[in-house]
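Architecture and fold: a report
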Amino acid sequence: MAHDEGPARPEGLARLLEEDPADLYENAPCGYLSMLPDAHVVKVNGTFCAWTGRRPEDVLGLRLPDLLSAGGRVFFETHLAPLLRLQGAVREVALDVVRADGSVLPCLLNAVEVRDAEGRPLLVRATVFEASSRRRYERALLAAQQAATDAEVRARTMHQVVSELAAARSAEQVADVVVRRARRALEAGGAALWLVDRVPGARPEGTVPVDLAASDGLSPELLAQLATAAPAGAELVRTGGVRAAPVGPELRQRWPGLAGAMAEAGQEALVVVPVSAADDRHLGALVLVLGVTDDSELISLAEPGTRGALSPADAELLATLGRQAGQALERVRLHEETVRQAARSAFLLDAARLLAAAGEVGETLERLAELAVAGPADICVIDLLTERGLTAPVVAHADPARRHLVEQLRDEHLPHRDGSHPSVRAMVERRTIWARGVDEAMLVRISTSPEHLAVSRALQLADLICVPLLVDNRPLGVISLGADARRGRFTEADVDTAEQLALQMSQGMDVAQRFELESRTSHALQGSLLPPEPPAVPGLALAVRYLPGSRGADVGGDFYDVVPLPGGDRVGLAVGDVVGHDVTAAATMGQLRSVHRALLVDCPDPGPLVERLHGSWPLLDLPRMATALFATLRPATGELRIASAGHLPPLLVHGGRAEYLPVAPGRVLGAPPVPPREWSGRLPEGATLVLFTDGLVESRTADLDAGLDRLRAVAADAAGEGPADPDALCDRLLAALTGSRRADDVALLVLTRLPGADALPQTAAAPHALPHALPHARPHALADALDGAAGDVTVSGDAMRWSPERTEERPPSSGFPGVDVAAGLGSFLGLDPAAVRRLVSGALTRLSGAVGDAVGELRQLARDVRPGGDEDR
Amino acid sequence: MITRNCVHVSGPAGARPMLFAHGFGCDQSMWRAVAPDFAVDHRVVTFDHVGSGGSDLAAYDPERYGSLRGYAADVVDICRDLDLTDVVFVGHSVSAMIGVLAAQAAPERFGALVMVGPSPRYVDDEGYTGGFTRADVAALLDSLDANPQQWSAVLAPVVAGPGNPGVATELAQSFCRTDPAVARQFARVTFLSDNRDDLPRVRVPTLVLQCTQDAIAPEVVGRYVHEHVPGSVFRQLAATGHCPHLSAPEETTAAIRAFLAGT
């Protein structure tokens, strides 16, 4: 038998084992409860009553939930009861039973539902075990687990923050990360980051100027109140660590508005976290408001006013976050500054390139302004100062959508600005004006009309730098750079950039203006010195061309002349080239041509003419040497006489052939003379004579002989069998021989002796014979020339060019070539050369500055004195 | 949607749709004593909220389900997915308010609301009795922490009486599983929400079913809901506790049918 093999049983065991089941129920080592399906207790054992200190009659009739703690009640209704109904049993449910004295007995409950044959519930039987120590242990485990989880969450938060901060490329991104992450980590109602304003400025005692860098979850009212308190608050956190302040009497006293807004928004505490750099420099403060979160629609679990205390772990998390944020901020600022500095350098280099490239002024300024708004500024306005005041400014805006605003400013408002405008002040005071932080008051101050104010507001100007363009402390204009609200304030480095740009521009414009003066004056004078269209000469078809060098500043000493000679049967021809391309060359040419005409009166033949010129050269005191070719032609007979003073020979084109006439070159005018040898021959009917200067045949890439060969070839090819049309031939020669970039001036004179010229009367009076010789007999030729010069130079408008390279080519000279020109012209017009020389040299010494004055005075002088007349004064 | 919310559809196609939404603490199996009866003449849809029962746990997003609106959005998704209109939304406990929010978000889908043990706010407030203090809710969250196995572990086949083979079968499954973290968050959202302002915006016929001795949603709360939902019908049930659809399915079904007959 099995029980015989078992251990010996104590005496009386059988009786104990067969004890009364009622006693077993009543005094079991666990609580027993029997309940109706609706949880009403209908039977309870003594153990349960003993544990809970309740009498059976107190328990019977209650529902089980009535015996449980609040949490247990909810758990019973939401979990236990449904589960029991659904699966018929539950096991090891942790519940807190409330004792009669109100104390709590942690229990574990097992229950089973007794059902009838149809599955309807009849009864619920439950056993209850005391689980105090087990629950304590579980709670401790849970707490440890929770702490570990919290620590892990914090670690993860920090990890995320660190990696997001590392990815941040701008201060805005850093601020965004910090605000967002901090708010989430603390489940805060809102968060905002204020950064100390790095632009130094005046501030009230005990405050730090701060800018809002980012915010999240804060209502506008609360944000406004925080912003009001922030400057003083930033000073407070400067020395402290993480601080939490509940909305209490202290806060209400110091910042009543803020306390009110906090209460209004349901926020209960304020947490301020210092944001500092690695060297503890104070960079700003992170502010969190704790309370009901706006967007979760959840009621705070904490009782009102209990969120003011920050757990040490949270405080440490925030402190770390503040330090990380500070370091990230420093890093991106350094990065941003490096990038900005590189951009500034690149911008200045681009600007220098633009200024160095010889370009038309208006276009250069336009491109410069565009460059500025692509780089360091949003708005660029460039004004130039002329003798008539400011010109219409060049404007640009970075945003095409706002371009119309600056154009409106340019067209309607800037012309009316007065001395209070920073740009005007910059010029008047000759120093940089930095309008730090343009505000409404300033806009009102500088606006000239409500419309002007409206445009200024629409531009959202946040900052403005005006730098005068100065040469020798004399303003040439002003460049204004503006930043709009989207860009924010300028820094000292931006001001440096603007000043360097202005310096580059000033130098470029100074050079350009000096060069422009010479160029314009020279062109104007030369224009007046060149003969008008050649007169019609019976029996001849004539065409002339004069092309100055393709670089706008080139002016030359080339000339041509066609003069019907006294007696009417001959015509004098001349082509010449004074050495150089400058004002002196032009002036010398003018004198030379005038002297030539004067000599023609009694010495028309080429040989003697050259001789006379050689002879009078020292007396003329001409500063430059010149080559020239003189000829007389009798159209009726074709009799042609030519003498050369070092000039290239003329080309004869006839019968489909072209050849250079073997004219002896002779000596260059200004060189020690030798007697000239005159060439004489006959120009056949239908033949064409081409007189030219070396600009036609010389180039920088080929030598003179090659050029001459090419001219001959082109002319022969162009002429064909019949008489050549001089106009067409001129065009053809120029097109074939000179490119768009001529290095030198070209004077070209082409004439064809027309068939039938033999029939011309040999002594017919020429319609335009000397002494009509003075082409400048117009009373105010010089005045007109100077008018043109003055206007063009000082307006510094469309035609002005920068050409530093050209300027460098100028021969070093102590004086100005223009002095001699003016003196020569003055004497030509009957002025006292010495007086003119004094006047002009004085004026030209201050060339760039007082060009308007000088030209104006000269103009006045020219008007006052009639050619050949007396001074009025 | 069907997978995410473990949606089950039964009943004749084309019949008036009834959408049953379970409350906090369980899943759609709560409706098993009620839903089949309606499936005779209604298109019956049951589902699990994300994080409960057979729903796709991976779809749980703390942000989306950080407020009841996330759950309401799911309800709207289901309606759109199944193209349901004139829906009778039957919501138990917190799902009554989810139904209010869903009807607000997509009014064109809903024809009637049945609220079983509703509460717009569980925590007492000035001039308002919800039945709970903040401390009570904290204690509930503690109870949840004390019973993690309820959700995380499959229940062992315990105490299945020999005379109850049906029970044994059911034990092979497990009811009302919920991820502990999700359960805790759902409890927060449930017991800390305040939807009192949403009640007057209800625009459909509404039935408030109030249990006797309901510790979660006391009668005073049920009355409050009735008074603030325009034109609502209040029906006091003899059933006790918080889950009449489990403890008294016949009475619950009859009450809903009576209401629907009148709409």
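Residues numbered from 1 in each chain as written. Chains lettered and ligands numbered in written order. Predicted model: local features only at pLDDT ≥ 70, side-chain atom pairs only at ≥ 80, totals over all residues.

**A word on the sheet that holds strand β5 (residues 121-130) of chain A**
All names here are of chain A. The strand order β2-β1-β5-β4-β3 describes an open sheet built from 5 strands, whose pairing is antiparallel. Taken across any chain shown, the strands that pair with only one partner, and hence form the sheet edges, are β2 (41-44) and β3 (89-98). In this sheet, neighbouring strand axes are inclined to one another by 30° on average, regardless of whether the strands run parallel or antiparallel. Bridge count for strand β1 (residues 31-35) against β5 is 5 bridges, and the pairing is antiparallel. Within β5, the residue paired with M35 across the bridge is V124. Sheet strands touched by helix α6 (residues 70-87): β3, β4 (104-115) and β5. Its angle to β3, the strand with the most contacts, is close to 160°. (Pairing = 2+ DSSP bridges. Helix = DSSP H or I, 4+ residues; strand = E, 2+ residues; numbered from the N terminus. Axes fitted to C-alpha atoms, helices over the stretch in contact; angles between N-to-C directions. Contact = placed C-beta atoms within 7 Å.)

**Quick word on the nonpolar core**
Within the largest apolar cluster, 113 residues are counted, with the highest numbers of intra-cluster contacts made by B:F89, B:V90, B:I98 and B:V114. The biggest single contributor to this core is α6(A), with 9 residues. Ignoring any residue separated from it by four or fewer positions in sequence, one finds B:V90 in contact with B:M18, B:L19, B:F20, B:A21, B:V114, B:V116 and B:I256. The next biggest cluster of nonpolar side chains, apart from the first, holds 61 residues, and it includes A:M589, A:L651, A:V653 and A:L689. (Core = buried A, V, L, I, M, F, W, Y, C linked by C-beta atoms within 7 Å. Buried ≥ 20, exposed ≤ 12 C-beta atoms within 10 Å, placed from the backbone.)

**Observations regarding the confidence of the model for chain B**
All names here are of chain B. For chain B, per-residue confidence averages 86 on the pLDDT scale, and residues scoring 70 or more make up 88% of the total. Here helix α6 (residues 165-172) stands out as the element of chain B with the lowest mean pLDDT, 40, in contrast to strand β2 (residues 17-21), whose mean of 97 is the highest. Throughout residues 149-173 the model reports pLDDT below 50, and contacts reaching past four residues in sequence, or to other chains, amount to 35 contacts. This prediction of the complex comes with two scores: 0.49 for pTM and 0.85 for ipTM. (pLDDT = per-residue confidence, 0-100.)

**Points about the packing of helix α21 (residues 704-719) of chain A against helix α22 (residues 726-737) of chain A**
All names here are of chain A. Contact geometry of α21 with α22 gives a least axis separation of 10 Å together with a crossing angle of 140°. Between α21 and α22, the crossing angle belongs to the class labelled oblique. For the element pair α21 and α22, the recorded crossing hand is right-handed. Along its contact with α21, which presents R710, L711, V714, A715, A718 and A719, the element α22 presents L729, R732, L733, A736 and L737. Broken down by class, the residue content of the contact of α21 with α22 amounts to 9 nonpolar, no polar and 2 charged. (Parallel < 35°, antiparallel > 145°, perpendicular 65-115°, else oblique. Left-handed = near helix turned anticlockwise from the far one by under 90°. Nonpolar A, V, L, I, M, F, W, Y, C, P; charged D, E, K, R; others polar.)

**With respect to helix α14 (residues 403-413) of chain A**
Residue and element names in this part refer to chain A. Taken as a whole, α14 has its buried residues at L405, V406, L409 and H413. The buried residues of α14 occupy an angular sector of 95° when the element is viewed end-on, so they sit on one face. Along α14, exposed side chains directed more than 90 degrees from the buried face belong to H404 and D411. Among the structural elements, β11 (379-386), β13 (394-397) and α17 (450-459) are those in contact with the buried residues of α14. (Arc of directions from axis to C-beta.)

**A word on unusual backbone geometry**
With a phi close to 80°, A:A39 is a non-glycine residue in the positive phi region. With respect to the helices and strands, A:A39 occurs in the loop between β1 and β2. With 24 C-beta atoms packed within 10 Å, A:A39 lands in the buried category. One non-glycine residue, B:D86, adopts positive backbone phi at about 55°. Take B:D86: there are 13 C-beta atoms within 10 Å of it, and that puts it in the partly exposed class.

**Some details on the sheet that holds strand β18 (residues 557-564) of chain A**
Residue and element names in this part refer to chain A. Taken in spatial order, the 5 strands of this open sheet run β18-β19-β20-β21-β24, and their pairing is antiparallel. Across the chains shown, the open sheet's two edge strands, defined by having one partner strand only, are β18 and β24 (679-682). On average, each strand axis in the sheet is inclined to that of its neighbour by 15°, with strand direction left out of account. Pairing between β18 and strand β19 (residues 571-578): 8 bridges, direction antiparallel. If you follow V562 over to β19, its bridge partner there is L573. Against the sheet, helix α20 (residues 606-620) makes contact with β20 (626-634) and β21 (639-645), and its axis sits at roughly 20° relative to β21, the strand it touches most.

**Observations regarding the packing of helix α2 (residues 68-81) of chain B against helix α3 (residues 94-105) of chain B**
All names here are of chain B. It is the contact of α2 with α3, at a shortest axis distance of 8 Å, that shows an interaxial angle of 65°. Judged by the sense of rotation from one axis to the other, the crossing of α2 with α3 is right-handed. Here L68, R69, Y71, A72, A73, V75 and V76 of α2 lie close against α3, whose contacting residues are M97, I98, L101, A102 and A105. Considered class by class, the residues forming the contact of α2 with α3 number 11 nonpolar, no polar and 1 charged.

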